[in-house]
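# Breakdown of the fold
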Amino acid sequence: MIAHTAIAVNPLPRAPGRYPFRRLAPYLFALLVVAITVAVAFLLPWLFPHASRSLLFLTGVLVVAARSSLGPSLMASFLSFLAFNFFFTEPVHTFKVADDGDFTTLAFFLLVSALSGNLASRMRQEMAQRRASLERISHLYAFSRRLASAAGTDEVLDALTDQLALLPGTPPVAIRVFLTAVGESPRDTSPPREVRRHGDDRALAPPAVEEVWVRGIPEPGHHGDWLLLPLATDRGAFGLVALAEIPDPEQLELARNLCAQAAVALDRTRLVTDLAGARLAAETEQLRAALLSSVSHDLRTPLAAIIGSATSLLEYGEAFSAADRRDLLTTVANAAQHLDRHIQNLLDMTRLGQGKLQIQRDWVDLRDLIAGALARLAEVLTGLEVEVRISPEVPLLWVQGTLIEQALVNLLDNAAKFSPPGGRIAIQAEPRDQELVIDLCDQGPGIPAEERERIFDMFYSVSRGDRHDRGGSGLGLAICRGMIAAHGGQIQALPGEAGWGTRMRLRLPLVNAEVTPKPEGTP
Amino acid sequence: MTTPAETLLIVEDEAQIRKFVRISLEAQGYQVLEARLGEEGLATCLASPPHLVILDLGLPDLDGMDFIRRLRAWSTLPILVLSVRASETEKIQALDAGANDYVTKPFGIGELMARIRVLLRKEERRATPSPQFTFPGLRVDLARREVEVDGSPVSLSRKEFALLSLLVAGQGQVLTHERILREVWGAGHQEDTHYLRVLVGNLRQKLGDDPMRPRFILTVQGVGYRLAV
């Protein structure tokens, strides 16, 4: 915790002009009360014939004592004594006292009024102090409540500056908060940077902060007009609060308390940020590991087939039958094409990942894209039935054809991987509310509802580790989503037709839909 | 089908690719010259002009585009470009610079052979011009403006015929969008790809060509069109 070293704080000169009246007011009040008492004492015989005038004067003194301090109440008792003597003891209208008994009464009167005045004024002062400390406590309490609910560093800083600006009495005219960067250990790092600025824009020279920072854990201290308070916990200091012109020690104490509380809260929020950073780093690391495993698997599997087949042919080629040789060579060619597709995926993903994908749009016929995708996957699709239905209402698309074709290739490739032998893949396309909707249905095992969104995560299938036998890297769908998203479109996985299989729905906004192909057959 | 003793030059720095291309081409009866560098290739073109140049765009000493421009400065001999995937812009640039066609790496030998045959056949045709073109299922007479599909005459609009003539004259060579737009609509329409998409749709319809399984007009995504041969 912070050492609360006592430092000399020069109280500011009290604002002139307001104080003379404030000081005189209680005396005027005392005078007024005595005058009223005298008036009432004259009326007393008519109102209450048996009442004692001396008790009336005593009441007046008590009223003054209760509402003011010792001075005015002493003045009130003395004035009351004189007035009583002058108006109501024999001889009237002189300050002489004829009767000994009256004299004794007067003496007691002065003593009692002085005692009770003193007592009452002390009580009042205590009450005032208690009210002030209550105010301070509620101030701190409101502040800690705000800190407790603060989710981030910014909110804590906002709360701190707001609260400092609301200090009871004369709030500081300027507030600056400085913090070190998150994640840096205290002291051995660069000086804290200004993160909050409140109040007038008088300058606190940056060297001042650096100087204080380098010199050691900053104790609250003065620097020109500025009072510097540390933001520190037992884990070390990580910031400074600078306040311009703090008027009195009580405020300084309160400001210090606020800073200490804020420091604890800041320590917490900064720790959370640190943890989040660490978690991100861990996730990145996981992603990198997944990528490595995916790349090495996806590249090595076809390579193994290629090397194996090629070396077999080299070594024993002459011993093989023509059919076997051809078979091995087909394996080499297919595996190489497989490899080529994976490399294409990796390249696409890199371009998408770097956010460098700038799409070059042009007018494209959807049928060309689907035809192109089907042609590129001719081998993969052998043995499957592909049905294409494109509504004649589908207009020309304003897209980068190669990207949409690649997205279709990835979707079809995926559908083919999960289709049973002889299965049917249906492609339907139609415009719907300024969107082109392309549905691609397969008869595969389908995707459980809770996974339908996650399959578009990069490496999702990799992390599940169960799709390698199908030759998927998990990149295909993520790339597909990236390419569609680059066009402002969306892709989602839905349950297939009749409750089985998968329906991949691709939606592309139709830009400039007014340009539609002329109906076929009309020149 | 092939005309033996036609000479092809391959300019490519990867020895393994040069090797498999040479072996395959020689097996088809062509004579093959090899060059590892661009300058070397240009020198060979001067010293003993081949019938066709196969040019890799990624040469260590010379930018592929420069090679094409320098060769085009004095020669019209066909150039077939080898280009990497995912770079439609590069392909279009090469075609605009004067290359006749391209094959995307990695490629199968069948595709390369098909492109080479198209270019050589076109060269051969230049020697003995005739307005008649006959392909399986399609006959086009440019002089009489007659088109027949599977023996039945088809009537085309002026622009449809212009487009078909271009594709037919290319004989399977790829034509960029820009070139087709320039030649059919005229300069200033190079950006109007949507005209072209609509026209191709109409032409396919009239030729009875299924856009999902085209018999005659093939789309080369992001680049242009070619006639299926």
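Everything below is about the structure shown above.
The present account deals with the structure reproduced in this document.

Thresholds, definitions, all that
Residues numbered from 1 in each chain as written. Chains lettered and ligands numbered in written order. Predicted model: local features only at pLDDT ≥ 70, side-chain atom pairs only at ≥ 80, totals over all residues. Heavy atoms only, no water. Phe/Tyr/Trp six-rings, centres within 6.5 Å; stacked < 30°, edge-to-face > 60°. Helix = DSSP H or I, 4+ residues; strand = E, 2+ residues; numbered from the N terminus. Buried < 20%, exposed > 50% of the residue type's maximum accessible area, 1.4 Å probe, protein only. Pairing = 2+ DSSP bridges. Axes fitted to C-alpha atoms, helices over the stretch in contact; angles between N-to-C directions. Contact = heavy atoms within 4.5 Å. Salt bridge = Lys/Arg side-chain N within 4 Å of Asp/Glu carboxyl O. Polar contact = N/O pair within 3.5 Å; in protein donor to acceptor, adjacent residues only side chain to side chain.

### Remarks on the packing of aromatic side chains
Residue and element names in this part refer to chain A. Under the definition given, this model contains twelve aromatic pairs over all chains. Pairing Phe 42 with Phe 87 gives two aromatic rings, centres 5.3 Å apart and planes at 75°, and the pair type is edge-to-face. Placement of the pair is Phe 42 in helix α1 (residues 19–47) and Phe 87 in helix α3 (residues 70–88), with a sequence separation of 45 residues. The class for Phe 42 is partly exposed, based on a relative accessible area of 39%. Judged by its relative accessible area of 26%, Phe 87 is partly exposed. Ring plane angle 65° and centroid distance 5.6 Å describe the contact between Phe 57 and Phe 84, whose orientation is recorded as edge-to-face. Placement of Phe 57 in helix α2 (residues 53–67) and of Phe 84 in helix α3 is noted, with a sequence separation of 27 residues between them. Taken as a pair, Phe 57 and Phe 84 share a single burial class, namely buried. Taken together, the ring pairs in this structure connect Phe 42, Phe 57, Phe 84, Phe 86, Phe 87 and Phe 88 into an aromatic cluster.

### Here we look at the sheet that holds strand β9 (residues 152–154) of chain B
Residue and element names in this part refer to chain B. Taken in spatial order, the four strands line up as β6-β7-β8-β9 in an open sheet, and their pairing is antiparallel. In the strand order of this sheet, the two ends are held by β6 (132–135) and β9, each with one partner. Taking each pair of neighbouring strands and ignoring which way they run, the sheet shows an average axis angle of 20°. As defined by bridge partners, strand β8 (residues 146–149) adjoins β9 across three bridges and the pair is classed as antiparallel. The residue of β9 that forms the bridge with Val 147 is Val 154. In the packing of helix α6 (residues 158–170) onto the sheet, contacts are made with β6, β7 (138–141) and β8, and the angle to β7 comes to roughly 105°.

### Points about the pairing of strand β5 (residues 101–105) of chain B
Residue and element names in this part refer to chain B. With five of its five residues buried, β5 lies for the most part within the structure. Going residue by residue along β5, you find Asp 101, Val 103 and Lys 105 tucked away on one face and Tyr 102 and Thr 104 tucked away on the opposite face as well. Here five bridges tie strand β4 (residues 79–84) to β5, and the two strands are oriented parallel to one another. Counterpart to Ser 83 in the pairing with β5 is Thr 104.

### Quick notes on the environment of Glu 88 of chain B
Within the secondary structure layout, Glu 88 of chain B lies in helix α4 (residues 88–97). Each C-alpha atom of the pair Glu 88 of chain B and Gln 221 of chain B lies 8.6 Å from the other, and the pair is 133 residues apart in sequence.

### Section: the pattern of salt bridges
When charged atoms on two side chains of opposite charge get close, those side chains can pair. Here the structure, examined in full by the defined rule, presents 31 salt bridges over all chains. Arg 367 of chain A serves as the salt-bridge partner of Asp 365 of chain A, at 2.8 Å between the closest nitrogen and oxygen. On the basis of relative accessibility, which here comes to 10%, the residue Asp 365 of chain A falls in the buried class. A cluster of three or more residues bridged by salt bridges with shared partners is formed by Arg 18, Arg 22, Glu 26 and Glu 34 of chain B.

### Examining the sheet that holds strand β11 (residues 490–495) of chain A
All names here are of chain A. Pairing within the open sheet is mixed, and its five strands lie in the order β7-β9-β10-β12-β11. Single-partner strands in this sheet number two, and they are β7 (385–390) and β11. Taking the axes of each pair of neighbouring strands and ignoring which way they run, one obtains an average angle of 15° across the sheet. In terms of strand pairing, β11 meets strand β12 (residues 502–509) through six bridges, oriented antiparallel. Of the residues in β12, the one forming a bridge with Gln 492 is Arg 505. The sheet contacts of helix α9 (residues 366–376) involve β7, β9 (424–432) and β10 (435–442), and relative to β7 the element is tilted by about 170°.

### Quick look at the side chain of Arg 176 of chain A
Residues and elements named next belong to chain A. Mapped onto the elements, Arg 176 comes out in strand β1 (residues 174–179). Side-chain polar atoms of Arg 176 contact the backbone oxygen of His 198, separated by 3.0 Å. With residues up to four places along the chain from it excluded, the contact list for Arg 176 reads Glu 194, Arg 196, Arg 197, His 198, Asp 200, Asp 201, Arg 202, Trp 226, Leu 240, Val 241 and Ala 242.

### Re the environment of Leu 440 of chain A
Residue and element names in this part refer to chain A. Following the sequence through the fold, Leu 440 ends up in strand β10. Placed 62 residues apart in sequence, Leu 440 and Thr 502 show a C-alpha to C-alpha distance of 8.0 Å. Excluding residues that lie within four positions of it along the chain, Leu 440 makes contacts with Leu 411, Leu 412, Ala 415, Ile 425, Ala 426, Ile 427, Thr 502, Arg 503 and Met 504.

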